[in-house]
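# Chains, contacts and geometry: an overview
The chain contents come next:
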Amino acid sequence: MHHRNVLISGASVAGLTLAYWLQRAGFRPTVVERAPGLRKGGQAIDIRGSALQVMDRMNLLDKVRSVTTGMRGMSVVDGDGVELSRSTEETFTGGVIDNDDVELMRDDLTTLLFDVSRYGTEFLFDDVITAIAQDDDGVEVRFQHERPRRFALVIGTDGLHSGVRRLVFGPESSYLRFLGSYLAIFSVDNFLALDHWQTFHMTPEELVGVYSTRDNTEARAILLFHSPELDIDHRDPVRHRALVAERFAGVGWETPRLLERMGSAPDFYFDSMSQVRLDHWSKGRVTLVGDAGYCPSPRSGQGTSLALAGAYVLAGELGNSPHDHRGAFARYELLTRDYVHRNQRLAQNRSGDSRPSPVELARAANSLTLPAYPCRG
């Protein structure tokens, strides 16, 4: 077992960014991912502030700018589809339009990250970690399919319901803070013929929206509802679809057509709006990056940026201290904790459809000064 072999769980924004920077710091990353390939679908995500610098240092800024959603604005309609308001200043998914932020589709970003990290990274798709046992000089990892292997370090970048976190830190109920609503997202055809546009319908407890993507060739549906916490398995899409269909049964506008399309959507996503809060992100030779360690929830609009910045700082600190993971983990946490807390606060004490002000958001998004790390690649 080589002290530079690192296992990353999750071919996510955080995981792929980490693989890229760890290679440059002289490590040999392996990425294990439950899905059979890169996950398709997902929503429009934003890269802001400090995280834009990470993209710049990866020479990806021009590429992400070339695949932005190019949203022109949004409208709000009543149950009969009559327009109540419209804006070309801001959108529901990305906030204020005229600024440096980049909004793009999640799978466009992961594709770009995969392209720059794939050479020099080993990928174990369609597999999952089943056990983690640490000792003084390594981590013994068992997988569902792959034979057991030893790594110097294990890093969980496996999202809100992180398996690495569960195995090492204990049940997620200790760390998840539910924010009072649930969110469903899936692809639909652009049947409303939206042109770089978003349209939403709101009731006191529900929000239904559609926005066009990929130069209007597709669209995404968003269905969000307020609710007390429900006892549901996050891996039960049949139950999730039934729940959404039931909850939105009486809602007007295009909701019936969206519910009809939900049944056949290949990329249906459903989860609670929740944050992850841990006192420490590391235990021994295992640490967490992105949503696994500090999910700010989609309501903050900052999950992607925290994943990018967290991965960059962790890899840089490990590169500076390749033989002292404890010191590197501690510095990673010290450097990013305030940034994480500021961005998590954006989503706290808010109702489901209110967003942080542009000033609040910009302040939190820029609150991390990225260290300059020597590139050892």
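Please refer to the structure placed before this passage.
This write-up is about the structure you can find in this document. Position numbers for residues count from 1 along each chain, tracking the sequence in the order it is written. Local features in this predicted model are restricted to residues of pLDDT 70 or higher, and side-chain atom pairs are both shown and tallied only at a pLDDT of 80 or more, whereas totals for entire chains, interfaces and linings draw on every residue. Only hydrogens and water are set aside; all other atoms, that is, all heavy atoms of the structure, feed into the side-chain values.

Before going further, it helps to spend a moment on the overall build of the protein. Across its full length, the protein carries eleven helices and 20 strands. Between the two quantities, the radius of gyration covers C-alpha atoms and the globule rule is 2.2 Å times the number of residues to the power 0.38. A compact globule built from 377 residues would reach a C-alpha radius of gyration of about 21 Å, and the protein, at 20 Å, matches this within 12%. Projected onto the principal axes, the alpha-carbon positions of the protein cover approximately 65 × 40 × 35 Å. The buried share of the protein, reckoned over its 377 residues, is 57%. Residues are treated as being in contact if the distance between any of their heavy atoms lies within 4.5 Å. Restricting the contact set of the protein to residue pairs at least 6 apart, pairs at least 24 apart contribute 70%. A run of DSSP states H or I qualifies as a helix once it reaches four residues; a run of E qualifies as a strand once it reaches two. Both are numbered from the N-terminal end. Each residue is placed in one exposure class: buried if its accessible area under a 1.4 Å probe, protein chains only, is under 20% of its type's maximum, exposed if it is over 50%, and partly exposed if it falls in between.

This brings us to helix H6 (residues 237–247). Considered for burial, the residues of H6 that qualify are His240, Leu243 and Val244. Taken around the axis of H6, the buried residues stretch over an arc of 95°, which confines them to a single face. Among the exposed residues of H6, those pointing more than 90 degrees away from its buried face are Val238 and Glu246. Packing partners of the buried residues in H6 comprise strand S14 (176–188), strand S17 (218–226), helix H7 (255–262) and strand S18 (269–276). The arc in question is the one traced by the directions running from the helix axis out to the C-beta atoms.

This next bit is on the packing of aromatic side chains. The aromatic pairing rule takes the rings of Phe, Tyr and Trp, using the six-membered ring of Trp, and pairs them if the centres are within 6.5 Å, calling planes under 30 degrees apart stacked, those over 60 edge-to-face and the rest tilted. All told, the structure shown has 15 aromatic pairs when counted by the stated rule. Taken together, a centroid distance of 6.4 Å and an interplanar angle of 25° make the contact between Phe225 and Phe270 stacked. Residue Phe225 is located in strand S17, and its partner Phe270 is located in strand S18; the two are separated by 45 residues in the primary sequence. Across the pair, Phe270 and Phe225 agree in class, each one buried. Either the NZ atom of lysine or the CZ atom of arginine qualifies as a charge over a ring when it sits within 6 Å of the ring centre and within 35 degrees of the ring normal. The aromatic ring of Phe27 is capped on one face by Arg4, whose charged end is 5.0 Å from the ring centroid.

The pairing criterion is simple: DSSP has to find at least two bridges between the two strands. The three strands lie next to each other as S10-S11-S12, forming an open sheet whose pairing is antiparallel. Since the sheet does not close on itself, it has two edges, and those belong to strand S10 (129–135) and strand S12 (149–151), each with one partner. Ignoring strand direction, the axes of neighbouring strands in this sheet form an average angle of 25°. Across six bridges, the pairing between S10 and strand S11 (residues 138–143) is antiparallel. Helix axes use the C-alpha atoms of the stretch in contact, all axes being lines fitted to C-alpha atoms, and the angles between their N-to-C directions lie in the range 0 to 180 degrees.

As a further point, take the environment of Gly70. Within the secondary structure layout, Gly70 lies in the loop between helix H3 (61–66) and strand S4 (73–77). For Gly70, a relative accessible area of 37% corresponds to the partly exposed category.

The next subject is the pairing of S17. Most of S17 sits out of view: eight of its nine residues are buried. Bridge analysis of S14 against S17 gives eight bridges, and the strand direction is antiparallel. By the bridge assignment for S17, Leu183 is matched with Leu224. Taken together, strand S16 (residues 206–213) and the strand that follows it, S17, pair antiparallel across an intervening segment of four residues, in which Arg214 is found at a positive phi of about 50°.

A few words on the environment of Glu246. Tracing the sequence through the fold places Glu246 in helix H6. Exposure remark for Glu246: the relative accessible area of 61% places this residue in the exposed category. The sequence separation of Glu246 and Leu259 amounts to 13 residues, and the corresponding C-alpha distance is 9.7 Å.

Below, the discussion takes up the nonpolar core. The set of buried Ala, Val, Leu, Ile, Met, Phe, Trp, Tyr and Cys residues whose side-chain atoms join them within 4.5 Å is what this entry labels a nonpolar core. By size, the foremost hydrophobic cluster in this structure holds 77 residues, and its most contacted members are Ile47 and Met55. Looking at which element gives the most residues to this core, the answer is helix H9 (residues 303–320), with ten residues. The contacts of Met55, once residues within four sequence positions are left out, are Ile47, Leu60, Leu61, Val64, Leu109, Leu113 and Leu308. Counting residues in hydrophobic clusters, the runner-up holds 26 residues, among them Phe225, Val244, Phe248 and Val251.

On to the packing of helix H1 (residues 13–24) against H9, then. Running from N to C, H1 and H9 cross one another at 25°; their axes reach a closest spacing of 8 Å. Put simply, H1 runs roughly parallel to H9. Between H1 and H9 lies a crossing whose hand is right-handed. For the pair formed by H1 and H9, the contact residues are Val13, Ala14, Thr17, Leu18, Trp21 and Leu22 on the first element and Thr304, Ala307, Leu308, Ala311, Tyr312, Leu314, Ala315 and Leu318 on the second. As a working rule, the residues Ala, Val, Leu, Ile, Met, Phe, Trp, Tyr, Cys and Pro are called nonpolar, Asp, Glu, Lys and Arg charged, and the rest polar, with Gly in that last group. Each residue belonging to the contact of H1 with H9 can be placed in one class, and the counts come to twelve nonpolar, two polar and no charged. What sets the label is the angle itself: under 35 degrees gives roughly parallel, over 145 gives roughly antiparallel, 65 to 115 gives roughly perpendicular, and the rest give oblique. Take the far helix as the reference: if the near one is turned anticlockwise from it by less than a right angle, the crossing is left-handed, and if turned clockwise, right-handed.

Locating Thr69 in the fold gives a position in the loop between H3 and S4. Definition of a polar contact: a pair of N or O atoms within 3.5 Å, with one able to donate and the other able to accept a hydrogen when the atoms are protein atoms, and with sequence-neighbouring residues admitted only if both atoms are side-chain atoms. There is a polar contact of 2.6 Å between the side chain of Thr69 and the side chain of Glu103.

What follows deals with unusual backbone geometry. A positive phi angle is found at Asp126, which is not glycine, with a value near 60°. Relative to the helices and strands, Asp126 resides in the loop between strand S9 (122–125) and S10. Relative accessible area serves as the criterion here: at 46%, Asp126 is assigned to the partly exposed category. Backbone geometry at Arg214 places phi at a positive 50°, although glycine is not the residue there. Here Arg214 lies in the loop between S16 and S17.

Coordinates in, geometry out; function isn't part of it.
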